[in-house]
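Examining the three-dimensional arrangement
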Amino acid sequence: MKWFKRSKNNFSTTSIKREVPDGQWIKCDTCNEIIHVKQMEANSFVCEKCGYHFRIGSKEYIDILLDKNSFKELDKKMKSGDPLEFVDTKNYKDRIRDTIKKTGLNDAVATGVGKINGRKVAFACMDFRFIGGSMGSVVGEKIARAIDKAYQQKIPMIIISQSGGARMMEGAFSLMQMAKTSARLARLADAKLPFISILTDPTTGGTTASYAMLGDINIAEPDALIGFAGPRVIKQTIGKDLPKGFQKSEFLLEHGFVDFIVKRTELKQKLDDVLSYLNQDAN
Amino acid sequence: MTRNILEFEKPIFELEKKIDEMRKLESSLNISDEINNLEDKVEQLKKSVFANLTRWQRVQLARHPERPYTKDYLHMITENFVELHGDRAYKDDKAIVGGFATIDDQKVMIIGHQKGRDTKSNLYRNFGMPNPEGYRKALRLMKLAEKFNKPIITLLDTPGAYPGIKAEENGQAEAIARNLFEMSRLKVPIIVVVIGEGASGGALGLGVGDRILMLENTWYSVISPESCSSILWRSWDFKEQAAEALKLTAPDLLEQGIIDRIVPEPLGGAHNDPDTMAETLKATLLEEIKILRKIKPDKLIDMRLHKFGNMGVYSE
Ligand SMILES: [Zn+2]
């Protein structure tokens, strides 16, 4: 048995610990470096050798970005209904139940309030592990309520996106979450409160085409896939290979859709720097 | 002109053809009773076919190549249409048309997706699939409407926003997101009507408003039945099942509380009698504008926020 786990997708400390018997070593898929879990944690789950950003979940982002014990979670118990009684190869109800069991998450986003270097913020972070980070009623509602929190408490809103797009199994309800969240962000903007969007690998579809692209500041992690249509669909449509680096963070920076790319290890400091400007100076 | 006949329209079409043939003989033969009988029969058949449409059949009707498109409605419903072009930044997108128009005495801004009728016009219109510049043109026009206090009508009819290299380079996602954001706070009434296909973000990019209407035989969802089939069933062959599962028709969306109203189509579908369809739509639009005009802008924006805020099903 291999004593390390090859891990490209859906990395999370909890699943690693379960799946690797002696539990403590991970192999970087990009450079083959073998890294101790503690070392990974200390380096925000970025490979020290090649800089590869492992995919992590909301729990890890909360630890990395928010001051210790400052996070107060909201709407933790909210779960998806099954408005369409959707059935494909599996019942949506069962899919939800199984995913909750497998991931220990109730849906694809965690929301709450917390502090970044002492500064209070409303915070939402998506989880790709939960049905591809898809946005359905729960994601839309929880994000909308987090934005309301920012609005009421007059604090900045920060959203970390990690999502394949809208959740098909909720049909038009999913689609409308795009309008719901965007409308709340417009109200937040009218109140002159800041919104920072952080785009991580991957952010596509309806998530990109709503809150993820609406930041006063849009920040991307390195080498993240960010786009509207998925690369497979585009390739199918145009019948040609896609250019190298297409829809990667650097491509978005080059075309003017993110303000900057920042390594996860420097993200908290950078957020602090940016937030220090996004307030109303007294004249 | 060769007609496009859908599979389930065929028995109706065959009967109608027969009636036409008999009419030619009517003067020489005494068969008017038989013709009347057949006409009754065709009417009954139409009624029963259209009363029992499956979701997939409605999707097919929504895509019917003879269905009226945005420009047809502009022609049938409005006067003095002044088309406005371009996003003032990059390009004019032919998949979205828009401009000022007058309906009776009501001056409005109308913007809609535009499909083509044949290969040539479909290439010109990109099959009704907008690029970012289309959404940006639409937003420019909507802000113009706001500046001059004109109600906005948007007509949705797209198989989706275009998935292409240039579209991604120019920020397809940002363009759609920006429209959702800005439309939610425009100070003039917005009436949204799905006139054909309402495919996902490409449709919603023109779809935030105070009243959301669907013509009777249209669809509106997060994904097309074909794409849904290919992703969830890993095959293109389950489009009928996907259409059923997505619950994407006008009656479905009314029941889900997502749309406000269904605009009835003439028997046989909008393409069967475009003039009647246009008349119904016109009357409906005037009625809706009259109601919305009475609401103050701040109240209107607040109601819009809550309208979309109420969409979603979850437990806590
Ligand atoms: Zn590495």
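Quick caveat: nothing in here was measured; it's all calculated off a predicted structure.

A tally of regular secondary structure across chain B gives 14 helices and nine strands. The globule rule puts the C-alpha radius of gyration for 316 residues at 20 Å, and the 21 Å found for chain B is close to it. In terms of overall dimensions, chain B has C-alpha extents of about 65 × 50 × 45 Å along its principal axes. Taking as baseline every contact in chain B between residues at least 6 positions apart, the subset at least 24 positions apart corresponds to 71%.

Let's shift gears to the domain arrangement of chain B. Each assigned domain of chain B is listed with its residue range as follows: domain 1 (9-52) and domain 2 (57-309). Here the C-alpha centre of domain 2 of chain B lies 36 Å away from the C-alpha centre of domain 1 of chain B.

Residues and elements named next belong to chain A. Domain annotation of chain A identifies domain 1 (1-54) and domain 2 (57-275). Inter-centroid distance (C-alpha atoms) of domain 1 to domain 2 is 24 Å. At the junction of the two partners, domain 1 supplies nine residues and domain 2 supplies 12 residues. Each residue belonging to the side of domain 1 that touches domain 2 can be placed in one class, and the counts come to two nonpolar, seven polar and no charged.

The next point concerns the sheet that holds strand β11 (residues 260-261) of chain A. Through backbone hydrogen bonds, the strands of a sheet pair up, either in parallel or in antiparallel fashion. All names here are of chain A. A sheet is described by the order of its strands in space; here seven strands give the open sequence β4-β6-β7-β8-β9-β10-β11, paired in mixed fashion. The sheet terminates laterally at β4 (72-74) and β11, the two strands that pair on one side only. Sheet analysis places strand β10 (residues 217-220) next to β11, joined by two bridges and oriented parallel. Each residue of the ladder has a partner; that of A220, found in β11, is I261.

Residue and element names in this part refer to chain B. Burial within strand β6 (residues 211-215) is extensive, with five of its five residues counted as buried. Here β6 shows a buried face lined by R211, L213 and L215 and a second buried face lined by I212 and M214. Strand direction decides the pairing type here: strand β5 (residues 190-199) and β6, joined by four bridges, are parallel. Of the residues in β6, the one forming a bridge with V192 is I212. Inspection of the sheet shows β6 paired to strand β8 (residues 261-263) by three bridges, in the parallel sense. Residue L215 lies in a different strand from β8, and its bridge partner there is V263.

Here chain A averages 92 in pLDDT, and 91% of its residues register 70 or above. Long-range and interchain partners of residues 1-10 of chain A, a stretch whose pLDDT sits below 50, account for 22 contacts in this model, where long-range means more than four residues apart.

Within helix α3 (residues 58-65) of chain A the residues assigned to the buried category are S58(A), E60(A), Y61(A) and L65(A). All buried residues of α3(A) project into a common sector of 160 degrees when viewed along the axis, lining one side.

Relative to the elements of secondary structure, Q60(B) occurs in helix α3 (residues 55-62). When the C-alpha positions of Q60(B) and E197(B) are compared, they lie 9.6 Å apart, and in sequence the two are 137 residues distant.

Attention now moves to the packing of helix α10 (residues 225-232) of chain B against helix α11 (residues 239-246) of chain B. Residue and element names in this part refer to chain B. The contact between α10 and α11 brings their axes to 8 Å, and the two run at 105 degrees. Taken as axis vectors, α10 and α11 run roughly perpendicular relative to one another. Where α10 approaches α11, its residues P225, E226, C228 and S229 are matched on the opposing element by K239, A242, A243 and L246. When its residues are assigned to classes, the contact of α10 with α11 shows five nonpolar, one polar and two charged.

Each partner contributes to the interface: chain A provides 52 residues, whereas chain B provides 45 residues. Elements with a minimum of two residues in the side of chain A that touches chain B: β5 (79-80), α5 (137-153), α6 (171-190), α7 (205-208) and α8 (231-238) of chain A. The residue inventory of the side of chain A that touches chain B, partitioned by class, reads 28 nonpolar, 16 polar and eight charged. Relative to strand β9 (residues 314-315) of chain B, β5(A) runs antiparallel, the two sharing two bridges. Directly across from K79(A), in β9(B), lies its bridge partner S315(B).

Once that is clear, we can look at the environment of Y61(A). All names here are of chain A. Its place among the elements puts Y61 in helix α3. Remark: the alpha-carbon pair of Y61 and F45, spanning 16 residues in sequence, is separated by 9.9 Å. Discounting residues that sit within four places of it in the chain, Y61 has contacts with I56, C125 and I160.

We now examine the pairing of strand β8 (residues 157-163) of chain A. Residue and element names in this part refer to chain A. Among the seven residues of β8, seven are classified as buried, and the element is accordingly described as predominantly covered. Burial of β8 is two-sided: the residues M157, I159, S161 and S163 facing one way and the residues I158, I160 and Q162 facing the other way are all buried. Pairing of strand β7 (residues 119-126) with β8 involves four bridges; the strand directions are parallel. Bridge pairing in β8 places A124 opposite I159. Running through α5, the crossover from β7 to the neighbouring parallel element β8 is right-handed. Taken together, the six bridges between β8 and strand β9 (residues 195-203) define a ladder with parallel strand orientation. Residue I158 lies in a different strand from β9, and its bridge partner there is I196.

Conventions adopted
- Residues numbered from 1 in each chain as written.
- Chains lettered and ligands numbered in written order.
- Predicted model: local features only at pLDDT ≥ 70, side-chain atom pairs only at ≥ 80, totals over all residues.
- Helix = DSSP H or I, 4+ residues; strand = E, 2+ residues; numbered from the N terminus.
- Rg over C-alpha atoms; globule rule 2.2 N^0.38 Å.
- Contact = placed C-beta atoms within 7 Å.
- Domains from an automatic or database assignment.
- Nonpolar A, V, L, I, M, F, W, Y, C, P; charged D, E, K, R; others polar.
- Pairing = 2+ DSSP bridges.
- Buried ≥ 20, exposed ≤ 12 C-beta atoms within 10 Å, placed from the backbone.
- pLDDT = per-residue confidence, 0-100.
- Arc of directions from axis to C-beta.
- Axes fitted to C-alpha atoms, helices over the stretch in contact; angles between N-to-C directions.
- Parallel < 35°, antiparallel > 145°, perpendicular 65-115°, else oblique.
- Right-handed = clockwise from strand over helix to strand, strands pointing away.

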